[in-house]
There are 2 protein chains.
Amino acid sequence: MAFPVCGPRPRNAAATRASILEAAQNRFARESYDDVGMRDIAGDAGVDPALIVRYFGSKEGLFRAALDHCHEGSTLLDGDRETFATRIAHEIVYGTKSPKKMQGLQIILRSMSSARAMEVVQQQSCEQFMNPLTTWIGGDHGAVSARMAAALMMGMTVSKEITGGLDLSEAECRSLEQRLARVLQDIIDGA
Amino acid sequence: MAFPVCGPRPRNAAATRASILEAAQNRFARESYDDVGMRDIAGDAGVDPALIVRYFGSKEGLFRAALDHCHEGSTLLDGDRETFATRIAHEIVYGTKSPKKMQGLQIILRSMSSARAMEVVQQQSCEQFMNPLTTWIGGDHGAVSARMAAALMMGMTVSKEITGGLDLSEAECRSLEQRLARVLQDIIDGA
DNA sequence: TGGCTTTGTCATCAGCTGTTGACAAGCGAA
DNA sequence: TTCGCTTGTCAACAGCTGATGACAAAGCCA
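Residues numbered from 1 in each chain as written. Chains lettered and ligands numbered in written order. Predicted model: local features only at pLDDT ≥ 70, side-chain atom pairs only at ≥ 80, totals over all residues. Heavy atoms only, no water.

Notes on the domain arrangement of chain A
All names here are of chain A.
- You can read the domains of chain A as domain 1 (13–68) and domain 2 (72–189).
- Placing the centre of domain 1 and that of domain 2 at their C-alpha centroids yields a distance of 25 Å.
- The junction of domain 1 with domain 2 conceals about 1,500 Å² of combined surface from both sides, 53% of it contributed by carbon and sulfur atoms.
- Of all residues in domain 1, Ala 29, Arg 64 and Leu 67 bury the most surface against domain 2, accounting for 37% of the area lost on that side.
- Inspection of the region where domain 1 meets domain 2 yields 1 salt bridge.
- The salt bridge partner of Arg 116 is Asp 34, with a shortest N-O separation of 3.9 Å.
- At the boundary of domain 1 and domain 2, one finds 9 residue pairs in polar contact (both at pLDDT 80 or more).
- Of all the secondary structure elements, the ones that give two or more residues to the side of domain 1 that touches domain 2 are α1 (13–30) and α4 (59–68). (Domains from an automatic or database assignment. Buried area = accessible area lost by both parts, 1.4 Å probe. Salt bridge = Lys/Arg side-chain N within 4 Å of Asp/Glu carboxyl O. Polar contact = N/O pair within 3.5 Å; in protein donor to acceptor, adjacent residues only side chain to side chain. Helix = DSSP H or I, 4+ residues; strand = E, 2+ residues; numbered from the N terminus.)

Structural data, given as structure tokens:
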């Protein structure tokens, strides 16, 4: 990425590590754990695959580090409560294909079904996504509301994936955004 | 499956083919396309892996056939419109880990992120799931409503997967079932 | 019986994967 | 300089995967 056509990489462990991590995040956000190879990531980062093992121990270690480094909950829940639903709805409908905002969520969804990544995904998605959301919503029905809200967000992302990018008219997109925001807000408000 | 500890398999092409197909459906509903090996399916069906290639051409061919053979839309949309949401909600909250009813949906979700299976998944999920649902809901906002309803159903399934089976108290499960039914019904009614 | 097709099995292949250990080069300290 | 540690590269490995083609046996027809 950073040094595409140079000779040997400049000796800078921290920068190299960061470079690998960023390449891994981008790859894992677009392809599943199984589909992404160490050689792919190493290539993106302009590094030898063996270096990944040295820095992160294994592919699973790198995956865990990549997911760790997202801090999804905070970025997603930033902002005031009243506009949460509209912000999310807008992001879902009009957000770019792989927005930085939802990168953690993307990685989780992409690799959810891979047996090897499953353990990491379960742990991290609870710690970084489900639990913060539950706390943020709060109240007696926080857990239930969080499941439903998360389901709607994740499901819409899945739905986009399946149909290959929404596939709706402009008017329908607007309608979707509005309805999504309302349903989401109702869920959060415990209606 | 059918003949676990016999010698050579009885010569019956149709039965053997069906046996392979069933084994494939069960496997693909529980594990992702990449995680399931031809040897696994062949083992379940009590058959040599080479036979799968003979009958289905390739792993992808078998996957397509397995997904083809589900007829998800019809089984899911059977029943009257008024109770649709409650039926689905109940199925989601209290349904078994891998219900026959939602097997097609399970297969789609499991392999959604595999690049190799993606093309098949996209095509089949539209034909067998999204389009029937859109038609069934009908009206001007059918497409939008279908996306949202599908998102909620798929998202809840994903959510269950991620947290490792709901992980809610009995009271919370009841609450979830009720709220899910209401939200789903509202979506379908275009509210 | 002898030949032919169908059905199923076996050994094996090429390709890819994550991982390893040996090696080269940079770089600061003595 | 020379030593020693760090940083990066290279070639290679074992393991697994989907797929292939040769082969065996069953069943059928004449």
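Some thoughts on the protein's contact with DNA strand D
- Around DNA strand D sit 22 residues, and of these A:Arg11, A:Thr16, A:Arg54, A:Tyr55 and B:Lys59 come closest.
- Expressed as a percentage, the sugar and phosphate content of the atoms of DNA strand D within 4 Å of the protein is 49%.
- Interatomic distance of 3.5 Å between a backbone N/O atom of B:Val36 and a phosphate oxygen of DNA strand D.
- Elements supplying a minimum of two residues to the surface near DNA strand D: α1 and α3 (49–56) of chain A together with α2 (38–45) and α3 (49–56) of chain B.
- Taken together, the residues of the surface near DNA strand D break down into 10 nonpolar, 4 polar and 8 charged. (Near = heavy atom within 4 Å. Nonpolar A, V, L, I, M, F, W, Y, C, P; charged D, E, K, R; others polar.)

Some details on the confidence of the model for chain A
- The predicted model of chain A has a mean per-residue pLDDT of 90, with 94% of residues at 70 or higher.
- Under a pLDDT of 50 for its full length, residues 1–5 of chain A has, in the predicted model, 6 contacts with residues more than four places off or in other chains. (pLDDT = per-residue confidence, 0-100. Contact = heavy atoms within 4.5 Å.)

Notes on the protein's contact with DNA strand C
- Close contacts around DNA strand C come from 21 residues, with A:Lys59, B:Arg11, B:Thr16, B:Arg54 and B:Tyr55 the closest.
- Counting only the atoms of DNA strand C that lie within 4 Å of the protein, the sugar and phosphate share comes to 51%.
- One of the side-chain nitrogen or oxygen atoms of A:Lys59 is found 2.7 Å away from a phosphate oxygen of DNA strand C.
- Between a phosphate oxygen of DNA strand C and a main-chain N or O atom of B:Asn12, the distance comes to 3.3 Å.

Focus on the packing of aromatic side chains
- Counted according to the given criterion, the structure contains 8 aromatic pairs over all chains.
- Relative to B:Trp136, the ring of B:Phe84 has its centre 4.7 Å away and its plane inclined at 45 degrees; by these criteria the two rings are tilted. Highlighted residues: B:Phe84 in helix α6 (residues 84–94) and B:Trp136 in helix α8 (residues 115–137), separated in sequence by 52 residues.
- One aromatic cluster is present, built from ring pairs that chain together A:Phe28, A:Tyr33 and A:Phe63.
- Of note, B:Arg81 hangs over the ring of B:Trp136, and the distance from its end group to the ring centre comes to 4.9 Å. (Phe/Tyr/Trp six-rings, centres within 6.5 Å; stacked < 30°, edge-to-face > 60°. Lys NZ or Arg CZ within 6 Å of the ring centre and 35° of its normal.)

Description of the interface of chain B and chain A
- Listed as interface residues are 47 residues of chain B and, on the opposing side, 47 residues of chain A.
- Interface area for chain B against chain A, summed over the two sides, is near 4,000 Å², with a carbon-plus-sulfur share of 65%.
- It is B:Arg147, B:Ile162 and B:Arg179 that lose the most area in chain B upon contact with chain A, and together they represent 19% of the buried surface on that side.
- There are 0 salt bridges connecting chain B and chain A.
- Breaking the side of chain B that touches chain A down by element, the ones donating at least two residues are α7 (103–111), α8, α9 (142–163) and α10 (170–189) of chain B.
- At 15 residues, α9(B) tops the list of elements feeding residues into the side of chain B that touches chain A.
- Of the residues contributing to the side of chain B that touches chain A, the split by class is 23 nonpolar, 13 polar and 11 charged.

What to know about the pattern of salt bridges
Residue and element names in this part refer to chain A.
- Summed over the entire model, instances satisfying the criterion amount to 12 salt bridges over all chains.
- Across the salt bridge formed by Arg 110 and Glu 161, the nearest N and O atoms sit 3.0 Å from each other. You can see Arg 110 sitting in helix α7 (residues 103–111) and its partner Glu 161 sitting in helix α9 (residues 142–163), a full 51 residues away along the chain. Comparing Arg 110 with Glu 161, the two get one shared label, buried. (Buried < 20%, exposed > 50% of the residue type's maximum accessible area, 1.4 Å probe, protein only.)

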